[in-house]
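# Residue-level structure breakdown
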Amino acid sequence: MRISMVSEHASPLAALGGVDAGGQNVHVAALSSALARLGHTVTVYTRRDDPNLADRVEAAPGVEVVHISAGPPGPVSKDELLPFIPALGEGIAADWDTNRPDVVHAHFWMSGLAALNAVGLVGAQGDVPVLQTFHALGTVKRRHQGAQDTSPVERAWLEPWVGRNADGVIATCSDEVFELRAMGVDARHISIAPCGVDSSLFRPDGPAEDRGSRFRVAAVGRLVPRKGVDIAIEALARIRDAGRDDIEFLIVGGSGEADDPGSDPEARRLMECARAWGVQDQVVLRGRVPQSELPKILRSVDAVVCSPWYEPFGIVPLEAMACGVPVIAASVGGLIDSVVDGVTGIHVPPRDPEAVAEAILQLVDHPQRAASLGRAGRQRTRSRYSWDRVAATTAKVYRSTLSRVQPAHPFASPGELNLQQADGSGR
Ligand code: UDP
């Protein structure tokens, strides 16, 4: 199949860890490469956010990234991108003049708008299906962030519109399906394909960073308040109050480089928080770390804490599990599916520093149990979350959507196509 991915703000070529560069970038890059390995041809459309970017870049064998000029050719926060989305749709439609896809997969709600717009512009509605993965939902964000949610107001009605008008929605976890149903998306058009992890990069064996004898815990990801890193800091304080200060806490991520991690405002806020709790000596800011360097850090830690307020999917827990590290996870969103309580990690209620403290202490005091959680995590990621498996599931969704909207299409799923051919219908 010729597949067009649309990822307006999240380029597969971007450096990770900043406010707007994380899981979506990884997802689009890894899914595209895995689909290409299955023999498909993938073009990823993203907004040009640097004037020096080439128009077209080969990101991996069979994967081309096309930079579309839409708005200023520099960084624009994703919450300010909406006015430039029509231009993105027009740029994509222009490219389709010579490069018409069989199927379109849009990532994040504004990419869905651009994709549906582009399909309309080339007159391909009902011919080229649009699949949508939201990655995050405005309804959930608003519920948790209230007035701090800086999404454009139009998201409230445009996002459900995308959900209802796309030919199919690919959720990344079961929790998201409930949210999509509440948004009015037809259940028959919803499928699930999770995010994956590169188990050849994230693996238990391999070099590990030098460390001291203190129990080592890490939080990894974009540094935004909703990731709840301050909850883990408060947990550290509670453990210290119980007489244990033999724990160090690494914070990996943020816009600051390793030599100046404090240049990130959220990193500074977290460090102030650590000072206020009196645990600043136990907290180490590491700044943004290239993904290729993360396994070395993960192999050196005893546990990873993911304590977000909410989490659409969360690739970091998969990366930790793939390295054989137990995960303490708030039981929200995708973490409910990926981390199995008592098997690959420990679930804690969201926003509950006391529960995080207890979970850390359980792992400190029971190293054998911690090791067995780590082993089970590795097994779980290998059996369920390889990108090859995710890509195969996703390609199946593309084919079944094609067979629904265009039964005679050569890439419609073989079983259904044969049926159509047998009785001569659908032509
Ligand atoms: N990441 C990274 N370097 C950093 C911080 C994060 O490579 O310094 C990567 C991390 O390995 C993961 C992604 O960014 O693959 C974050 O994805 P996740 O789904 O956990 O969070 P999201 O960004 O989607 O909220």
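The structure we're discussing is the one just above.
Cut-off values and rules
- Residues numbered from 1 in each chain as written.
- Predicted model: local features only at pLDDT ≥ 70, side-chain atom pairs only at ≥ 80, totals over all residues.
- Heavy atoms only, no water.
- Near = heavy atom within 4 Å.
- Polar contact = N/O pair within 3.5 Å; in protein donor to acceptor, adjacent residues only side chain to side chain.
- Areas by Shrake-Rupley, 256 points an atom, 1.4 Å probe, with all protein chains shown as cover.
- Helix = DSSP H or I, 4+ residues; strand = E, 2+ residues; numbered from the N terminus.
- Nonpolar A, V, L, I, M, F, W, Y, C, P; charged D, E, K, R; others polar.
- Salt bridge = Lys/Arg side-chain N within 4 Å of Asp/Glu carboxyl O.
- Core = buried A, V, L, I, M, F, W, Y, C linked by side-chain atoms within 4.5 Å.
- Buried < 20%, exposed > 50% of the residue type's maximum accessible area, 1.4 Å probe, protein only.
- Contact = heavy atoms within 4.5 Å.

### Details of the site of the ligand
- Neighbouring the ligand are 19 residues, the closest being Gly-23, Arg-222, Lys-227, Val-289 and Glu-319.
- Lys-227 is positioned such that a nitrogen or oxygen atom in its side chain is 2.7 Å from an oxygen atom of the ligand.
- One nitrogen or oxygen atom from the side chain of Gln-291 is found 2.9 Å from an oxygen atom belonging to the ligand.
- Notes on the ligand: free accessible area 540 Å², of which the protein chains cover 95%.
- When residues of the shell around the ligand are traced back to their parent elements, those giving at least two are helix H1 (23–37) and helix H10 (315–322).
- Looking at side-chain class alone, the shell around the ligand contains seven nonpolar, seven polar and five charged residues.

### With respect to the pattern of salt bridges
- Per the stated rule, a full pass over the model turns up 27 salt bridges.
- The partner of Glu-179 in a salt bridge is Arg-143, and the shortest N-O contact between them spans 2.8 Å. Taken together, the residues span a long stretch of sequence, with Glu-179 in helix H6 (residues 174–182) and Arg-143 in helix H4 (residues 138–145) at a distance of 36 residues.
- Three or more residues are tied together by salt bridges with common partners; here these are Glu-209, Arg-214, Arg-216, Glu-248 and Arg-286.

### Overview of the nonpolar core
- Of all hydrophobic cores here, the largest spans 80 residues; its most connected members are Ile-92, Leu-180, Phe-249, Ile-251 and Ile-360.
- Not counting chain neighbours up to four residues away, the residues in contact with Phe-249 comprise Val-217, Ala-218, Ala-219, Val-229, Ala-232, Ile-233, Leu-236, Gln-282, Val-283 and Val-284.
- Counting 57 residues, the second-largest nonpolar core is a separate cluster that includes Val-103, Ala-320, Cys-323 and Val-339.

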